[in-house]
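Observations on the three-dimensional arrangement
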Amino acid sequence: MKHLSFCLALLLLCLSAPATAADLAYYLPAETDYDSAIPTPEEVLGQEVGQWHLRPDQLVRYLEVLSEKSDRLTLEVQGKTHEGQMQVLLVATSPANHRRLEAIRTQHVALSDPRRDSPSEAELASMPAVVLLGYSIHGNEASGANASVLTAYHLAAARGAEVEALLDELVVLIDPALNPDGIGRFALWANSHRGVVPVAERQSREHHEGWPNARTNHYWFDLNRDWLLLQHPESRNRVATFHRWKPNVLGDYHEMGSDSTYFFQPGVASRKNPLTPAKNVELTSAIARFHAAAFDAAGQLYYSEETFDDFYPGKGSTYPDLNGSVGILFEQASSRGHLLETVHGKRDFAETIRNHLRTSLSTLAGAQAHRVDLLRYQNDFYRSAAGEAAKDPVRGFVFAFPHDPALAYRALKLLRQHQIEVYRLTKEIRSDSTSELFSPGEAFVVPMAQPQYRLARSLFERRTEFEDSTFYDISTWTLPLAFGAQYAELGKGEFAKGLLGESIGELAAPAGKLHTVAAGTATYAYLVDPRGSLVARSLGSLLAAHHRAYVSTRPLTAEVAGGSRLFPAGTLILPAAGGGESLRAQLEQLAERDAIQIFATHTGRTPEGVDLGSPSIVALTLPRPLLVVGRGVSASEAGELWYLLDHHYGVETSMVDLDLLPDTDLSVYTHMLMVSGEYDEVDPVLAETMRRWVRDGGTLLATRTATRFALEEIVRDPVEEDGEEQTGEEAGGLDLAKEAEKGARVEPNGEGDFAAPLASYADYSSERAKQLVSGAIVQADLDLTHPLAFGFQHSPIALFRTHSRPMEGSENPYENVARYSAQPWLSGYISPRNRGRLAGTVAITVARVGEGTVVRLADDPFFRSYWYGTSRFVLNTLFYGPIVQRTLPPGRW
């Protein structure tokens, strides 16, 4: 009966007439009585909700006041963003629950531990469920964040038996701003363009944000792809909160295209993650009935079970599904500011806020109604992990990062943040599947028999079979391939409990070492092992301190402490002469900071290989890169490079808008970095300026779609070309006849010049989706002798591919640094046709142009700031790109 009463209150909310001024009566259930002692948003902020877009500081201020005034609420700080803004969490429950909140949390989290006794039905019936409502992870989808204050006010001020029962039976966690930095940027944009008279006309500037827009965080990263990857502090903070509470339901509030309606999950049934239990979808559907009832009463258009899926667990609505929770995506058609003309009429900001409030309250009502089912599901999810693991032919995964403890630390830290169990390997093992040898001291094991079986399996598996070929996001995310690890599956015959050594718990950052010469012996030079992933950071620090640094382009053996030691090509050499004690002290500090190995030698003469004064030892200079940004450039890819260089490697990077390049003095830069973008309209004068800059000694790095511009405008001189127009696939287009043959069913229709293909219109979307590469892992054979490959330890390498267009290589084989393997497919969905198109084509080329260098990478080398295994190509381009020697193809020797 109490759930029926709550639904009736929701219906009254839905039937409230729109108000020209968005006062509380417009938003809140009409028959609910509110405590006048609890301040409204207008009383604290001086404006009604929806009148202006709320800034993050205003959200925090209002929740602070609410938590001071209401004994139902407490406010805590989860952490801070890149820009130092607070990420807060509001906890709403009954005063009685607050008095024993830690005991409630402890008892609740224990449901996720299958090693504990199963709770009785009576115990489950007495426990509150936990619901987490997370708003506006995309900063320019602001209706969620603005709705959060109304949800908080309702829980703090509403009076009556229904809300009191709700707060007795639920602990509600409200994260009002999953992306405070982005929300702040969008509030500034929308409010700066709001006049006294709202403008709904779609072409008005208010509805068209400037580049890079506020969807993303400070480094232009889509935080709704980072729940699994955990590359940014906002994500690490919220995932720590998730595991601290283990919520039963997580509401994830978004916006979508303005001409849409309202979406809530479940999504497309055939596109859920195969590791998600069927019971999860059943519970999602049960709660969906509460959303539908609210919208039915309001006459609000909505839909479900279309468009969106639950496949990639790096999203806020899918990550919970592999962690014993029920994630629910909500998508509201956006007002793109304050008021917008749509195909459904004018949509104002207040309407979008009210719809998210509706589903916030319906989510709570649904969770309350299914409280015991949700608690039982949480417990069963983790208890069933052992059975699922026992049926899995893969019993564990072994992985290692030889000579790179810094990257091992990063991988282990990510796994532990997800509460995945990891152990040190106790004895040497050789993989049956790969024949690779793994040794104690550098290798780790993730067993499948653990509570986090499903999430661990998802992170380590290579998946190549799919029920559906359409993906809302990527189709694979294999961690060891992304990190460039040596790894293998362990089957039943290989896996034994004796393999598991010390469990990895709290992690301390690893340290390297400076190995000095014997006492009383003068140091001639220092040699830095190039295999550590942070060697480039140390190199940058040394060059910035004006120390001389060289790189050996050939292997050598040097006399160091302990005898002769082989050093691979890419080894850094720092002469001791002139460096003095300051050089030695800095090297000691860098070895510890960056977990690298540095060796002193007393002589420049080597037992084997080149000597330390050889022509093969090349001087290095400090790079001064320019990153091309601005309108027409992919903000996400530009942000990845900015984050890589700035955050991970401390490289001072200038960002210059593409529109401003014609007025930029390029002579002050050594490198130019170009990511995907629209470069077809680049002014010929600018292209010529860039070409001259490269010919005068500049190094250009181009990735993905920028490679075509680099080839056609920089590597090739258009003036010297014969001017023949490209057609078909040479020009990046498609031969429609061939497409018809390879794609949809085609039937003849007529004869002669007017014959035309025929295909089913209804099949278009699915047939087209089959030929998209929305995120797959492929392998390429790498020339390990090339300067761009310095520090890499093995070939082939794993690359992340998000497009189907092959990149044109060079007729000079010495310029082709990496080529996709004959069988390139490692994981994820990629059609047979696209596999065939990719095989044997070039992945990386390096060409000398005049005195400069052009590096082209067919794929994104630091995809989502997670693909550490190939991010080294960017750093090697900065430091070693200028030293690549000119080569000629064999026919021109």
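Read on for an overview of the structure. (Residues numbered from 1 in each chain as written. Predicted model: local features only at pLDDT ≥ 70, side-chain atom pairs only at ≥ 80, totals over all residues. Heavy atoms only, no water.)

1. Some points on the sheet that holds strand β31 (residues 699-703)
Rule in force here: At least two DSSP bridges between two strands are needed for those strands to be called paired. In DSSP terms, a helix is any run of H or I states spanning at least four residues, a strand is any run of E spanning at least two, and both are numbered starting from the N terminus. Under this scheme, a helix contributes an axis fitted over its contacting stretch, all axes are lines through C-alpha atoms, and angles between N-to-C directions fall in the 0 to 180 degree range.
Read across the open sheet, the 9 strands follow the order β29-β28-β30-β31-β36-β35-β34-β32-β33; overall the sheet is mixed. Looking at strand neighbours, the two that pair on one side only are β29 (654-657) and β33 (797-801), the edges of this open sheet. Recorded for the sheet is a direction-independent mean angle of 25° between the axes of neighbouring strands. Sheet analysis places β31 next to strand β36 (residues 852-857), joined by 5 bridges and oriented parallel. Note that in β36 the partner of Leu700 across the bridge is Val854.

2. Section: the pattern of salt bridges
How we decide: One side-chain nitrogen of Lys or Arg within 4 Å of one carboxyl oxygen of Asp or Glu is enough to make a salt bridge. Under the scheme applied here, a residue whose accessible area is under 20% of the maximum for its type counts as buried, over 50% as exposed, and between as partly exposed, the area being computed with a 1.4 Å probe on protein chains only.
A complete count under the given rule lists 41 salt bridges for this structure. Among the salt bridges present, the one from Lys391 reaches Glu388, with a minimum N-O distance of 3.2 Å. Of the two residues, Lys391 and Glu388 both sit in helix α14 (residues 371-391), 3 residues apart, roughly one turn of that helix. On the basis of relative accessible area, Glu388 is assigned to the partly exposed category, the value being 31%. Through salt bridges with shared partners, a single ionic network connects Glu141, Arg215, Asp222, Arg225, Asp473 and Arg864.

3. A closer look at empty space enclosed by the protein
The test is simple: Put simply, the grid is 1 Å and covers the protein atoms alone, a cavity is a trapped set of points that fit a 1.4 Å probe, a pocket is an open set with protein on both sides within 12 Å along at least five of seven lines, and lining residues have an atom within 4 Å of a point. Grid points are joined across faces, edges and corners, and a volume is the space filled by probe spheres set on the points. Asp, Glu, Lys and Arg are counted as charged, while Ala, Val, Leu, Ile, Met, Phe, Trp, Tyr, Cys and Pro are counted as nonpolar; the rest, among them Gly, fall into the polar class.
Across all of its chains, the model carries 5 cavities of 30 Å³ or more by this definition. By volume, the largest cavity amounts to about 110 Å³. Along the wall of the largest cavity there are 15 residues; nearest its centre are Val535, Ala536, Arg872, Asn876 and Tyr880. Of all the secondary structure elements, the ones that give two or more residues to the lining of the largest cavity are α18 (535-544) and α26 (868-880). Top contributing element to the lining of the largest cavity by residue count: α26, with 5 residues. Residues belonging to the lining of the largest cavity are distributed by class as follows: 9 nonpolar, 5 polar and 1 charged. Lining the second largest cavity, in full, are Asn273, Phe311, Ser458, Glu461, Arg463, Ser475, Thr476, Trp477, Thr478 and Ser827. For the lining of the second largest cavity, a count of residues per class yields 2 nonpolar, 6 polar and 2 charged.

4. Focus: the side chain of Thr476
Stated formally: Each polar contact in these results corresponds to two N or O atoms within 3.5 Å; when the atoms are within protein, one needs to be able to donate a hydrogen and the other to accept it, and residues that are neighboring in sequence are counted only if both atoms are side-chain atoms. Here, residues are in contact when the closest pair of their heavy atoms is within 4.5 Å.
For Thr476, the position within the fold is in the loop between α16 (453-460) and α17 (479-482). Exposure remark for Thr476: the relative accessible area of 4% places this residue in the buried category. Of note is the side chain of Thr476, whose polar atom sits 3.4 Å from the side chain of Thr478. In this structure the side chain of Thr476 is engaged in a polar contact, spanning 2.7 Å, whose partner is the side chain of Ser827. Once you skip the residues sitting within four places of it in the chain, Thr476 turns out to touch Gly775, Ala776, Ile777, Phe800, Ser827 and Gly828.

5. Remarks on the environment of Asn140
On the secondary structure map, Asn140 appears in the loop between β4 (129-135) and α8 (143-157). Exposure remark for Asn140: the relative accessible area of 9% places this residue in the buried category. The spatial distance from the C-alpha of Asn140 to the C-alpha of Asn179 is 9.7 Å, given a sequence separation of 39 residues. A polar contact of 2.8 Å, which involves the side chain of Asn140, links it to the side chain of Glu209.

6. Some remarks on the nonpolar core
Cut-off, in case you're wondering: For the purposes of this section, nonpolar cores are sets of buried Ala, Val, Leu, Ile, Met, Phe, Trp, Tyr and Cys residues that join through side-chain atoms within 4.5 Å.
Of all hydrophobic cores here, the largest spans 166 residues; its most connected members are Phe399 and Phe483. Discounting chain neighbours no more than four positions away, the residues touching Phe399 are Leu412, Leu415, Val422, Phe438, Glu442, Ala443, Phe444, Val446, Phe460, Gln486 and Tyr487. Core analysis: the second largest hydrophobic core is formed by 73 residues, Val88, Ala129, Ala152 and Leu283 among them.

7. What about the sheet that holds strand β6 (residues 170-175)?
An order of β2-β3-β6-β4-β7-β9-β8 is seen for the 7 strands of this open sheet, with the pairing classed as mixed. Strands at the two margins of the open sheet, each flanked by one partner only, are β2 (73-80) and β8 (262-264). Strand-to-strand twist in this sheet, taken as the mean axis angle between neighbours without regard to direction, amounts to 20°.

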